[in-house]
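# Structural characterization, general
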Amino acid sequence: DTLYNAVDLIVEQGYSNFKVVLTIKNRKINNADKYEFIDKISRSEVYKRYQKSILVFPSYIETYGLPLKEAQLFRAPIIASDTLFSREILEKYPRSVFFDKFDSQQLAKIMIDHICNIEKLNNEVNKFEFDKNEVTVSFLHYLINQVKGL
């Protein structure tokens, strides 16, 4: 719910140049146009999306956050819940930022910062493939069991 509430807050503040990509089946939610439901995807598709997205990882019940490690390999920016496992995995990773797992306002602020600073991300992160003419920032959230073949 933290992610959905954060999206609602971002829309309320007038931002429209973003979408959240979810690897779950379509469901009825507020601001549905801000989401892309892609259900299960291949491992290679996950890797392609890391190169064009900001990983949002709100989970707080994992024992090991594989998406966090994978996103690092692609030098993707990461927004993660502030948990012991996230801190351990992302220790010294300069493109990560943490939020309180139940604080939608804090997550919304961080996402807005990323939306407003996309050009800076393009310049700082080599291999990051945001299209400079693209006005939509893509936030990827995927569940490990939604990757085909796992």
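Residues numbered from 1 in each chain as written. Predicted model: local features only at pLDDT ≥ 70, side-chain atom pairs only at ≥ 80, totals over all residues. Heavy atoms only, no water.

With that settled, consider unusual backbone geometry. If you check the backbone angles, arginine 75 has positive phi at about 60 degrees while not being a glycine. Among the structural elements, arginine 75 can be located in the loop between helix H3 (66-73) and strand E4 (78-81). Residue lysine 92 is not a glycine yet carries a positive backbone phi of 70 degrees. Of note, lysine 92 is situated in the loop between helix H4 (84-89) and strand E5 (96-99). With a relative accessible area of 76%, lysine 92 lands in the exposed category. (Helix = DSSP H or I, 4+ residues; strand = E, 2+ residues; numbered from the N terminus. Buried < 20%, exposed > 50% of the residue type's maximum accessible area, 1.4 Å probe, protein only.)

What follows concerns helix H1 (residues 2-12). Because the α-helix completes a turn every 3.6 residues, residues three or four places apart line up on one side. Within the sequence span of H1, burial applies to Thr2, Leu3, Tyr4, Ala6, Val7, Asp8 and Ile10. Looking at the buried side of H1, the elements it contacts are strand E1 (18-22), strand E2 (35-37), strand E3 (54-57), E5, helix H5 (104-116) and strand E6 (137-141). Count one or two residues on from H1 and you reach glycine 14, which has phi positive near 95 degrees. (Contact = heavy atoms within 4.5 Å.)

Take the pairing of E4 next. Burial along E4 is two-sided: the face carrying Ile78 and Ala80 and the face carrying Ile79 and Ser81 are both buried. As paired strands, E3 and E4 are joined by three bridges and run parallel to one another. Across the sheet, valine 56 pairs through a bridge with isoleucine 79, a residue of E4. With respect to chirality, the unit in which E4 leads through H4 into the neighbouring parallel E5 is right-handed. (Pairing = 2+ DSSP bridges. Right-handed = clockwise from strand over helix to strand, strands pointing away.)

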